[in-house]
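Analysis of the macromolecular model
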Amino acid sequence: MSKDILLDENNDIKIFNGDFDIGESEMQEVALILQSTQGEWKMSPLLGPNLFRFLKSKESKVAIEKQIAIHLAIDNKDFKTLKTKIETQIKNYE
């Protein structure tokens, strides 16, 4: 479990009692990676699955998941163990 400064729903730093809110950040890290495009991360310019390109495409779910898995692996995260958590988060936003 990783802890870090938390962000709110607008990706702004979350403040709690006048200070940065600290907490479990794994899903926050995953969300930031999935929202990004290549070149946005200075320390890892290849990171970023460019998921927006799939919005109106006819790519299969398998192809999209492969891109997600590759880019999470760049950040040492295992898509297979995170898949259920990711799907739950997506359903919560629908």
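The preceding data block contains the structure.
Computed from a predicted model, the values in this text were never measured in an experiment.

**Here's the deal with the overall build of the protein chain**
A tally of regular secondary structure across the protein chain gives three helices and four strands. Listed N to C, the secondary structure of the protein chain is β-β-β-β-α-α-α in terms of helices and strands. Across the 94 residues that make up the protein chain, the buried fraction comes to 24%. In the protein chain, the proportion of contacts linking residues at least 24 apart, taken out of those at least 6 apart, comes to 29%. Within the structure as shown, the protein chain displays about 7200 Å² of accessible surface, and the carbon and sulfur contribution to it stands at 54%. Distance from the positive charge centre (13 side chains) to the negative charge centre (16 side chains) of the protein chain: 9 Å.

**What about the nonpolar core?**
One finds Met 27, Val 30, Ile 33, Leu 34, Leu 47, Ile 68, Leu 72, Phe 79, Leu 82 and Ile 86 forming the largest nonpolar core, which totals ten residues. Broken down by secondary-structure element, the contributors of at least two residues to this core are helix H1 (26–35), helix H2 (61–74) and helix H3 (79–93).

**Observations regarding the environment of Phe 79**
The residue Phe 79 is located in helix H3 in this model. What makes Phe 79 buried here is its relative accessible area of 11%. Residues Phe 79 and Lys 66 lie 13 residues apart in sequence; the distance between their C-alpha atoms is 9.0 Å.

**Observations regarding the environment of Asn 11**
By secondary structure assignment, the location of Asn 11 is in the loop between strand S1 (3–5) and strand S2 (15–16). For the pair formed by Asn 11 and Lys 80, sequence separation is 69 residues and the distance between their alpha carbons is 25 Å. If we skip the residues at most four places from it in the chain, Asn 11 touches Leu 32 and Gln 35. Engagement of the side chain of Asn 11 in a polar contact is seen with the side chain of Gln 35, the distance being 3.2 Å.

Rules behind the numbers
Residues numbered from 1 in each chain as written. Predicted model: local features only at pLDDT ≥ 70, side-chain atom pairs only at ≥ 80, totals over all residues. Heavy atoms only, no water. Helix = DSSP H or I, 4+ residues; strand = E, 2+ residues; numbered from the N terminus. Buried < 20%, exposed > 50% of the residue type's maximum accessible area, 1.4 Å probe, protein only. Contact = heavy atoms within 4.5 Å. Areas by Shrake-Rupley, 256 points an atom, 1.4 Å probe, with all protein chains shown as cover. Lys, Arg positive; Asp, Glu negative; His and termini not counted. Charge placed at Lys NZ, Arg CZ, Asp CG, Glu CD. Core = buried A, V, L, I, M, F, W, Y, C linked by side-chain atoms within 4.5 Å. Polar contact = N/O pair within 3.5 Å; in protein donor to acceptor, adjacent residues only side chain to side chain.

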